[in-house]
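# Coordinates in review
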Number of protein chains: 2
Amino acid sequence: MTHSLLILARNAGAYHRLVDEARLPDLQIRSSSDPEHITGASECDLAFGEPSLLATVLPKLTSLGWLQATWAGVEPLLDPKLRRDYVLTNARGVFGGLMSEYVFAYLLAHERLLLQKHASQQARQWDKTAPGTLRGKLIGIVGVGSIGAALAKTAKHFGMRVHGYTRASETCADVDLYFHSDQRLEFARDLDYLVTVAPNTTGTRQLVDAAFLAALPARAVFVNPGRGSIVDEAALAAALREKRIAGAVLDVFQTEPLPPTHELWRAPNVLITSHTAALSHPVDIAPVFVENYRRLLRNEPLNYQVDFEQGY
Amino acid sequence: MTHSLLILARNAGAYHRLVDEARLPDLQIRSSSDPEHITGASECDLAFGEPSLLATVLPKLTSLGWLQATWAGVEPLLDPKLRRDYVLTNARGVFGGLMSEYVFAYLLAHERLLLQKHASQQARQWDKTAPGTLRGKLIGIVGVGSIGAALAKTAKHFGMRVHGYTRASETCADVDLYFHSDQRLEFARDLDYLVTVAPNTTGTRQLVDAAFLAALPARAVFVNPGRGSIVDEAALAAALREKRIAGAVLDVFQTEPLPPTHELWRAPNVLITSHTAALSHPVDIAPVFVENYRRLLRNEPLNYQVDFEQGY
């Protein structure tokens with residue numbers, strides 16, 4: 001049997017080339033960066049691409065058996081109005097390194113007073129203010145999957161203490177202490193850094209609310225490269241305005257792009273990075289499809305299957 | 001025999017308390033933060049403190065047998081006009097962690113476009129510019145002692161390739177390839193990052209000169225948390241002005257504080273941090289003295305002895 005694959009992504013050309021280079025057997029490929037210009041969608045039993053684009057053509061993919069997302073987040077495909085009669089797999093295991101670079105860029109910048117030192121330089125001031133250190137500081141990680149585990153490993157490299165907040169699993173050796181659902185405020189109590197990398201699920205929505213923020217120490221910095229839905233943005237803006245936490249580094253928001261009038265743009269001690277913490281690079285993501293296609297041919301279970309109810 | 005110790009440092013009180021707490025036998029301690037107000041200097045056979053302060057009282061320390069410096073750099077004590085009839089030990093093995101945090105704060109800030117993203121935020125711009133990554137990049141480390149080895153380890157953690165430039169030793173497993181004296185320009189040729197942490201010696205003075213800078217690729221960033229003497233500052237300023245390298249992060253200078261009129265304050269793509277990369281914290285340095293004192297009592301060779309001729 002020959003499989004027919006639709007690649008739909010803004011950088012469809014790069015994905016097409018990388019999948020071609022893998023010389024996969026029994027595979028016909030068509031690719032596009034524009035959902036408006038797709039032909040033969042009804043013949044495709046496989047799809048590979050961006051969830052937001054694929055969601056718009058899902059009704060036309062009448063033969064679809066498996067869809068590989070190029071992103072970790074698959075919210076556009078979880079809309080209850082859309083079909084769920086296919087196997088959905090997402091991109092996992094490839095973002096840990098980039099996320100770790102993002103989070104520790106900002107943790108180190110905070111300790112090393114990078115922006116303050118830069119301002120002193122503008123004024124040609126020889127600024128002897130002593131920087132801080134990550135050594136001995138406590139990081140709390142919400143969501144300890146492959147990304148959380150990568151963060152925990154880097155935290156340990158820099159001599160930090162690591163707490164994890166998870167739904168269930170306690171498999172990461174770099175986490176010193178685990179907390180679960182009802183221990184939310186206890187988890188928050190003593191953190192120097194709170195980093196949220198949990199998926200968008202009913203269990204994580206608005207997890208970081210006014211009560212959670214109030215439980216954090218005043219020295220705490222909140223870093224969110226995960227999902228905008230995890231935080232109550234009004235409560236966060238209030239906590240920042242009233243200096244009840246030391247700062248926030250935000251990559252994701254309830255509404256993206258963040259509207260120009262949104263109060264978070266100019267809240268004190270907030271840094272905004274426009275959903276660029278861990279972009280999907282074709283060279284990293286194409287191998288996830290290739291490996292899963294080989295599993296398909298061998299009738300093995302596919303990696304990274306998404307449970308439509310759980311949302312990840 | 002009872003030993004008599006002079007502690008001379010700006011934070012003499014903290015050092016005095018920490019050495020007291022170690023309850024060392026047969027030790028009398030006097031401490032001061034002011035070289036002008038020292039009594040009984042001629043009785044002291046031991047000294048512990050800042051090289052710049054101790055250099056001023058060295059002629060009065062007529063009984064001196066051993067001096068433990070609180071810094072890594074001991075240049076003030078190497079002045080040929082000063083006595084050398086004592087054992088000089090410096091602080092080593094304690095700066096690797098802080099140096100690593102400093103260097104990687106700036107490497108990650110460079111890759112993650114931290115200052116550019118901050119400027120976009122000031123303009124409320126949703127800036128989707130894709131950041132870079134340390135993964136696969138090449139770092140060249142000049143001086144692979146304990147600090148260089150710590151940098152190499154962190155570089156490997158982030159998936160970088162590591163080259164080392166040393167006088168002799170090739171003992172660090174995290175260095176992929178070593179270069180030596182006559183391979184200076186070959187070492188420079190392909191670097192993404194050049195980091196200099198070598199001591200100030202005749203072999204390292206002006207090592208990073210016009211020829212070395214010309215051999216670096218245009219994408220290279222130079223980070224110097226080591227010694228100001230290693231670089232030809234006029235050549236560096238020219239390379240930055242002409243965009244022949246991508247940037248510089250400078251913690252140390254030929255003259256400190258850097259004079260307000262110095263061209264490096266405002267050279268393009270330069271970040272200045274006022275000799276704060278790895279400050280000596282009494283809690284880290286006091287144990288170096290304590291361990292060496294115990295070695296003295298046991299008639300064992302002291303750790304970290306400085307060769308007055310080599311300069312480290």
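Everything numeric in this text was worked out from a predicted model, so none of it was measured.

For the rest of this paragraph, the subject is the domain arrangement of chain A. By the assigned domains, chain A splits into domain 1 (3–91 + 280–297) and domain 2 (96–272). The gap between the C-alpha centroids of domain 1 of chain A and domain 2 of chain A is 33 Å.

Residue and element names in this part refer to chain B. Its location among the elements puts A72 in the loop between β4 (66–69) and β5 (87–89). In this structure A72 comes out as partly exposed when scored by relative accessible area, which is 31%. Excluding residues within four positions of it along the chain, A72 makes contact with N90, A91, F95 and R227.

So, about the packing of helix α3 (residues 96–111) of chain A against helix α5 (residues 146–157) of chain A. Residue and element names in this part refer to chain A. Axis separation between α3 and α5 bottoms out at 8 Å; the angle between their running directions is 50 degrees. When the axes of α3 and α5 are compared, the pair comes out oblique. The two elements α3 and α5 cross, and the hand of that crossing is right-handed. Residues G96, M99, S100, V103 and F104 of α3 lie in contact with α5, whose contacting residues are I147, A150, L151, T154 and A155. For the contact of α3 with α5, the class distribution of residues is seven nonpolar, three polar and no charged.

All names here are of chain B. All chains considered together, the criterion is met by 36 salt bridges over all chains. Taking the shortest distance from any N to any O, the salt bridge between R219 and D190 comes out at 3.5 Å. In this pair, R219 is assigned in the loop between α7 (210–215) and β10 (221–224) and D190 in the loop between α6 (184–188) and β9 (193–196), connecting sequence segments 29 residues apart. Given the relative accessible area of 42%, R219 is considered partly exposed.

The next point concerns the sheet that holds strand β8 (residues 177–179) of chain A. All names here are of chain A. Here we have seven strands laid out as an open sheet, ordered β8-β7-β6-β9-β10-β11-β12, and parallel in their pairing. Lying at the two open borders of the sheet, with one neighbouring strand each, are β8 and β12 (270–272). Along the sheet, successive strands turn relative to each other by an average axial angle of 15 degrees, direction set aside. Its contacts with the sheet put helix α8 (residues 233–241) on β10 (221–224), β11 (247–250) and β12, and the angle it makes with β11 is roughly 140 degrees.

So, on to the sheet that holds strand β2 (residues 27–32) of chain A. All names here are of chain A. The five strands are arranged β2-β1-β3-β4-β5 in an open sheet whose pairing can be described as parallel. Looking at the sheet topology across the chains shown, the edges are occupied by β2 and β5 (87–89). Within the sheet, the average angular offset between the axes of one strand and its neighbour, ignoring direction, is 15 degrees. With three bridges joining them, strand β4 (residues 66–69) and β5 adopt parallel strand pairing. Among the inter-strand pairings, L67 is bridged to a residue of β5, identified as L88.

Turning our eyes to something else, we now look at the environment of A:M1. Residues and elements named next belong to chain A. Note that M1 resides in the segment before β1 (3–8). For the pair formed by M1 and G203, sequence separation is 202 residues and the distance between their alpha carbons is 41 Å. Ignoring any residue separated from it by four or fewer positions in sequence, one finds M1 in contact with D26 and D45.

Taken residue by residue, the interface counts 51 residues in chain A and 51 residues in chain B. Buried area between chain A and chain B, both sides added, is near 4500 Å², and the carbon and sulfur share of it is 61%. Seen at the junction of chain A and chain B, the total is 26 residue pairs in polar contact (both at pLDDT 80 or more). Breaking the side of chain A that touches chain B down by element, the ones donating at least two residues are α3, α4 (114–122), α5 and β12 of chain A. Ranked by the residues each element gives to the side of chain A that touches chain B, the list is headed by α3(A), at ten residues. Taken together, the residues of the side of chain A that touches chain B break down into 24 nonpolar, 16 polar and eleven charged.

In this section: the relation of the copies chain A and chain B. Expressed as a screw transformation, the operator carrying chain A onto chain B has a rotation angle of 180 degrees and an axial translation of 0.0 Å, and the superposed copies differ by an RMSD of 0.1 Å. As the rotation angle and translation indicate, the two copies are arranged about a two-fold axis. Considering only C-alpha atoms, the residue of chain A closest to the rotation axis is A:A105, which sits at 2.9 Å.

Counting residues in each nonpolar core, the largest one holds 108 residues, and the members touching the most others are A:F104, A:I139, A:F289, B:F104, B:I139 and B:F289. When residues no more than four places from it in sequence are discounted, the contact partners of B:I139 are B:F104, B:L107, B:A155, B:M160, B:R161, B:V162, B:H163, B:L191, B:Y193 and B:V195.

Turning to unusual backbone geometry, a few remarks are in order. All names here are of chain A. At the junction of E256 and P257, the peptide bond is cis and its omega measures out at -10 degrees in the coordinates. Looking at where P257 falls in the secondary structure, it is placed in the loop between β11 and β12. In this structure, L113 is a non-glycine residue whose phi angle is positive, near 55 degrees.

On to α4(A). Taken together, the buried positions of α4(A) are A:L114, A:K117, A:S120 and A:Q121. Down the axis of α4(A), the buried set is contained in an arc of 125 degrees. They therefore lie on one face. Contacts made by the buried residues of α4(A) are with α3 of chain A together with α3 (96–111), α4 (114–122) and β12 (270–272) of chain B. Just past α4(A), the residue A:R124 takes up positive phi, approximately 50 degrees.

So, about the pairing of strand β3 (residues 46–49) of chain A. All names here are of chain A. Of the two faces of β3, the one carrying L46 and F48 and the one carrying A47 and G49 are both buried. Of the pairings in the sheet, the one linking β1 to β3 comprises four bridges and is parallel in character. Each bridged residue has a counterpart across the sheet, and for L5 the counterpart in β3 is L46. Bridge analysis of β3 against β4 gives four bridges, and the strand direction is parallel. Each bridged residue has a counterpart across the sheet, and for L46 the counterpart in β4 is W66. You can see the chain leave β3, run along helix α2 (residues 51–57) and come back into β4, and the turn it takes is right-handed.

Definitions and limits used
- Residues numbered from 1 in each chain as written.
- Chains lettered and ligands numbered in written order.
- Predicted model: local features only at pLDDT ≥ 70, side-chain atom pairs only at ≥ 80, totals over all residues.
- Heavy atoms only, no water.
- Domains from an automatic or database assignment.
- Helix = DSSP H or I, 4+ residues; strand = E, 2+ residues; numbered from the N terminus.
- Buried < 20%, exposed > 50% of the residue type's maximum accessible area, 1.4 Å probe, protein only.
- Contact = heavy atoms within 4.5 Å.
- Axes fitted to C-alpha atoms, helices over the stretch in contact; angles between N-to-C directions.
- Parallel < 35°, antiparallel > 145°, perpendicular 65-115°, else oblique.
- Left-handed = near helix turned anticlockwise from the far one by under 90°.
- Nonpolar A, V, L, I, M, F, W, Y, C, P; charged D, E, K, R; others polar.
- Salt bridge = Lys/Arg side-chain N within 4 Å of Asp/Glu carboxyl O.
- Pairing = 2+ DSSP bridges.
- Buried area = accessible area lost by both parts, 1.4 Å probe.
- Polar contact = N/O pair within 3.5 Å; in protein donor to acceptor, adjacent residues only side chain to side chain.
- Least-squares fit on C-alpha atoms with pLDDT ≥ 70 in both.
- Core = buried A, V, L, I, M, F, W, Y, C linked by side-chain atoms within 4.5 Å.
- Arc of directions from axis to C-beta.
- Right-handed = clockwise from strand over helix to strand, strands pointing away.

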